[in-house]
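In case you want the letters, here they are:
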Amino acid sequence: DAKTTQPPSMDCAEGRAANLPCNHSTISGNEYVYWYRQIHSQGPQYIIHGLKNNETNEMASLIITEDRKSSTLILPHATLRDTAVYYCIVRVANTNAGKSTFGDGTTLTVKP
Amino acid sequence: DGGITQSPKYLFRKEGQNVTLSCEQNLNHDAMYWYRQDPGQGLRLIYYSQIVNDFQKGDIAEGYSVSREKKESFPLTVTSAQKNPTAFYLCASLRTGSNQPQHFGDGTRLSIL
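So, how was this worked out
Within any chain, residue numbers begin from 1 and follow the written order of that chain's sequence. Chain A is the first chain written and ligand 1 is the first ligand written, with later ones labelled in order. Owing to the predicted nature of the model, reporting of local features is limited to residues with pLDDT of at least 70; listing and counting of side-chain atom pairs is limited to 80 or more, with chain, interface and lining totals taken over all residues. Side-chain numbers here rest on the full set of heavy atoms in the structure, without hydrogens or water. Secondary structure elements are taken from DSSP: a helix is a run of H or I of four residues or more, a strand is a run of E of two residues or more, and numbering for both begins at the N terminus. Two residues form a contact once any of their heavy atoms are found within 4.5 Å. Here a polar contact is recorded for every N or O atom pair within 3.5 Å, except that within protein the pair must consist of a potential hydrogen donor and a potential acceptor, and residues adjacent in sequence are included only if both atoms are side-chain atoms. Within this document, salt bridges are pairs made up of a side-chain nitrogen of Lys or Arg and a carboxyl oxygen of Asp or Glu, the two lying within 4 Å of each other. We call a residue buried when its accessible area falls under 20% of the maximum for its residue type, exposed when it is over 50%, and partly exposed in between, using a 1.4 Å probe and counting protein chains only. At least two bridges found by DSSP between two strands are what make those strands a pair. Joining two parts hides part of their accessible area as seen by a 1.4 Å probe, and the buried area is that hidden amount summed over both. Side-chain classes follow a simple rule in which Ala, Val, Leu, Ile, Met, Phe, Trp, Tyr, Cys and Pro form the nonpolar group, Asp, Glu, Lys and Arg form the charged group, and the remainder, Gly included, forms the polar group.

## Points about the environment of Arg13(B)
Residues and elements named next belong to chain B.
Right, so step 1: Within the secondary structure, Arg13 sits in strand β2 (residues 10-13).
Right, so step 2: In this structure the C-alpha to C-alpha distance between Arg13 and Tyr64, which are 51 residues apart in sequence, comes to 14 Å.
Right, so step 3: Apart from residues no more than four positions distant in its own chain, Arg13 is found in contact with Val19, Val78, Thr79, Ser80, Gln82, Pro85, Leu110, Ser111, Ile112 and Leu113.
Right, so step 4: Separated by 3.5 Å, the side chain of Arg13 and the backbone oxygen of Gln82 make a polar contact.

## Points about the pattern of salt bridges
Residue and element names in this part refer to chain B.
Right, so step 1: Scanning all chains against the criterion turns up five salt bridges over all chains.
Right, so step 2: Among the salt bridges present, the one from Asp38 reaches Arg36, with a minimum N-O distance of 3.0 Å. Arg36 shares its class with Asp38; the two are buried.
Right, so step 3: Where Arg44 meets Asp38, a salt bridge forms, and the shortest distance between an N and an O atom there is 2.7 Å.
Right, so step 4: You can call Asp38 buried: its relative accessible area is 12%.
Right, so step 5: Salt bridges linked by common partners bring Arg36, Asp38 and Arg44 together as one network.

## Comments concerning the pairing of strand β1 (residues 4-7) of chain B
Residue and element names in this part refer to chain B.
Right, so step 1: Alternating positions in β1 separate cleanly, Ile4 and Gln6 being buried on one face and Thr5 and Ser7 remaining unburied on the opposite face.
Right, so step 2: Bridge count for β1 against strand β3 (residues 19-25) is four bridges, and the pairing is antiparallel. The partner of Ser7 across the bridge, within β3, is Ser22.

## Points about the interface of chain B and chain A
Right, so step 1: Contacts between chain B and chain A engage 25 residues on the former and 25 residues on the latter.
Right, so step 2: Here chain B packs against chain A, burying approximately 1,900 Å² in sum over the two surfaces, 52% of which is carbon and sulfur.
Right, so step 3: Ranking the residues of chain B by area buried against chain A places Leu43(B), Asn99(B) and Pro101(B) at the top, with a combined share of 25%.
Right, so step 4: At the boundary of chain B with chain A, the tally comes to zero salt bridges.
Right, so step 5: Taken together, the connections running from chain B to chain A amount to nine residue pairs in polar contact (both at pLDDT 80 or more).
Right, so step 6: Elements that contribute at least two residues to the side of chain B that touches chain A include exactly β4 (31-37), β5 (43-51) and β9 (87-94) of chain B.
Right, so step 7: When its residues are assigned to classes, the side of chain B that touches chain A shows eleven nonpolar, eleven polar and three charged.

Limitation: the analysis is restricted to geometry and does not speak to function.
As structure tokens, this is what we get:
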């Protein structure tokens, strides 16, 4: 599985959009991009995933560049409850699940 | 409700003692994973299993052992060979052959007495 790189920390003002970047320059053509977040002392929570098209759900939007080497998670109107560690991972989706590795993520702090 | 149950939530180990962390899922997922998380750090993969009676080492398997006798269960034993076992342990499962995400349990926090 490809490795990802994320900034260690970011701040965002409450009510503004939070844009969290992720670099996955060695991604393979059949690897999906997944985003999770983790609030202190809880298990990671799934947010969104995509292959090459932009995706949107009730929680967030995922923008994947045309060359698929990077992506951005967008929280459109950040609230204080969005303060968490956000993880971007890439993984192949096939019968052989294989390893699924996480990096250190980005600590997002939403400020009033 | 379907999900992953980890128990206990808190666990204390004496020096030289083996302890076993439980992970049970009722999602009918084939693959299961164990991760370790130290304070302020990300998740590191200990072991994973893609099918019953089969498992592979992750990045930090030394001092740990697992078994996968049933699809629903993937217990992790922290042995006395693990010299620094104090950490937060997370279990996850995944439906293979799909692009669906991993599901995580709520974790077990292990401390040394």
